[in-house]
Amino acid sequence: MPATILVGTQWGDEGKGKITDILADKMDLVVRFQGGNNAGHTVVKGETELKLHLIPSGILYSHITPIIADGVVIDPKTLIDEIEGLSRKGIHVDKLIISGNAHLIMPYHRLLDQAAETHLGKAKIGTTRRGIGPAYTDKATRIGIRAQDLLDMKIFRQKLAQVLVIKNEILTKIYGLPPLELDEIVREHEVYAERLKGFIKDTSLYINKMLDSGKRVILEGAQGTLLDLDHGTYPFVTSSSPVAGGACAGAGVGPLKIDTVIGIVKAYVTRVGSGPFPTELDDDVGIHMRDVGGEFGTTTGRVRRCGWFDALILRYACRINGLSDMVLTKLDVLSGLSPIKICVGYKYQGKTYTEFPPHQTIFHKCEPVYEEHEGWSEKIDQAKTMDDLPQAARNYIARIEELAGIKFSIISVGPKRGQSIFT
Ligand code: GDP
Ligand code: IMO
Ligand code: MG
């Protein structure tokens, strides 16, 4: 059975968690393939709201096997806290499988992330300060420590002893911080190892066997296309590859095993952290989006910057991910706004760009070109079919589909499962 990839088309927080949860009903495996606990995915079942960071969003169904694959970076304490927090709510993750190849976020990664951000001052990236960048840096430099090292604490200690010498030099001499103690970190990780060792397996082997035996697999992206290390708004990006291509590498699944790539599209755009954002609004409309949309970070609680829908970003996401399908989220948040604008071009130095520009300076300094659409005043959060939506909302949907060249399969009009229109 071919697998499905689900990705964010903007700067994250598009509602991937809600849609993964809905689709997981008809899946067997939900796989996280990149990122770490920088992600915050909210899923709602009845009155229960879950905020997930590392555990895949299909966890609310007992038939789902959740998988944390090779490309993820794992903060072991956060993962254990999340497992225990879920268990207290009666949600058990006994079936969880973690790749031994996934890298661990170590205490020095968190400290270095925080110190680097402070050091950058005004030029900071606005990271989640969870140690994501430094963990991926060590993976690429080949001095990372992996989940499988927890299965042999002698090797874990040897690797840590070597790397800690360098990290302590940086912490003390560059950032003026106290050094970390080898014994203390080893002791702490012995406890984590005991708790996690039963989950650590070869996830690529498992996923591929399941696909071959006809099981249904969804690869759930964290972050979004514009936060991709290669294709995003560098350097204001994360340190992994949240695009569809990254799913194959991160999960160890070949591209021919995929037949559906779903892009999650928020009806307006948000961004947390620093970096250019052409359609950003700092007026009452932006405040409406923030307050009605509840645009406050799931992971850090930071206010999300809000702006009009940007068709250049969507078309870019269609191209980079090879989307075959789209889901529109948070359309309900636009009720009460009129006119509603869609950015269809960027003006820079007398030229108008209609594709995502090849140079960052254009993206930084351009002026958005908008087309205006009539809004609607009525609430739409109870709409069950397309016919329940006001004509203006249907026109807005149709225009986005036309600009992308792809149809929406679901229109989401609220955080709950039932607040979804299957087109
Ligand atoms: P993710 O990181 O892409 O999974 O998105 P987040 O969970 O961080 O942010 C999306 C937020 O919007 C969450 O609080 C969801 O519960 C909520 N949400 C998802 N879909 C909708 C929708 O269609 N309408 C509204 N009003 N909220 C939604
Ligand atoms: P989900 O999966 C929104 C942003 C951070 C920062 C940049 C780099 O919930 O959509 P990092 O800590 O990754 O080094 O920070 O990326 N960022 C996110 N923004 N949603 C996320 O995840 C994000 N994960 C990272 O705010 O700008
Ligand atoms: Mg989020």
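Every value quoted in this text rests on a predicted model; they were computed, and no experiment measured them.

(A) A look at the site of ligand 1. Ligand 1 sits among 19 residues. The nearest are Lys16, Gly17, Gly40, Asp332 and Ser412. The separation between an oxygen atom of ligand 1 and a polar side-chain atom of Asp13 is 3.0 Å. Interatomic distance of 2.9 Å between a side-chain N/O atom of Lys330 and an oxygen atom of ligand 1. Taking 590 Å² as the accessible area of ligand 1 by itself, protein coverage stands at 93%.

(B) Geometry of the site of ligand 2. Surveying the vicinity of ligand 2 reveals 21 residues, the closest of which are Lys16, His41, Thr128, Gln223 and Thr238. With respect to ligand 2, the backbone of Gln223 contributes an N or O atom lying 2.8 Å from an oxygen atom. Contact between ligand 2 and Thr238: an oxygen atom at 2.6 Å from a side-chain N or O atom of the residue. Isolated, ligand 2 exposes 550 Å² of accessible area, and the fraction of that covered by the protein chains is 97%. Here the residues of the shell around ligand 2 are counted per class, giving eight nonpolar, ten polar and three charged. Domain assignment of the residues forming the shell around ligand 2 places at least three in each of domain 1 (3-90 + 202-422) and domain 2 (103-199).

(C) Local environment of the side chain of Asn38. Position of Asn38 among the secondary structure elements: in the loop between strand E2 (29-32) and strand E3 (41-45). What makes Asn38 buried here is its relative accessible area of 11%. Within polar-contact distance, the side chain of Asn38 engages the backbone nitrogen of Gly36 at 2.9 Å. Engagement of the side chain of Asn38 in a polar contact is seen with the side chain of Thr238, the distance being 3.2 Å. Those residues in contact with Asn38 that sit more than four places away from it in its chain are Thr128, Arg130, Ile132, Gln223, Thr238 and Thr299.

Conventions and cut-offs
- Residues numbered from 1 in each chain as written.
- Chains lettered and ligands numbered in written order.
- Predicted model: local features only at pLDDT ≥ 70, side-chain atom pairs only at ≥ 80, totals over all residues.
- Heavy atoms only, no water.
- Near = heavy atom within 4 Å.
- Polar contact = N/O pair within 3.5 Å; in protein donor to acceptor, adjacent residues only side chain to side chain.
- Areas by Shrake-Rupley, 256 points an atom, 1.4 Å probe, with all protein chains shown as cover.
- Nonpolar A, V, L, I, M, F, W, Y, C, P; charged D, E, K, R; others polar.
- Domains from an automatic or database assignment.
- Helix = DSSP H or I, 4+ residues; strand = E, 2+ residues; numbered from the N terminus.
- Buried < 20%, exposed > 50% of the residue type's maximum accessible area, 1.4 Å probe, protein only.
- Contact = heavy atoms within 4.5 Å.

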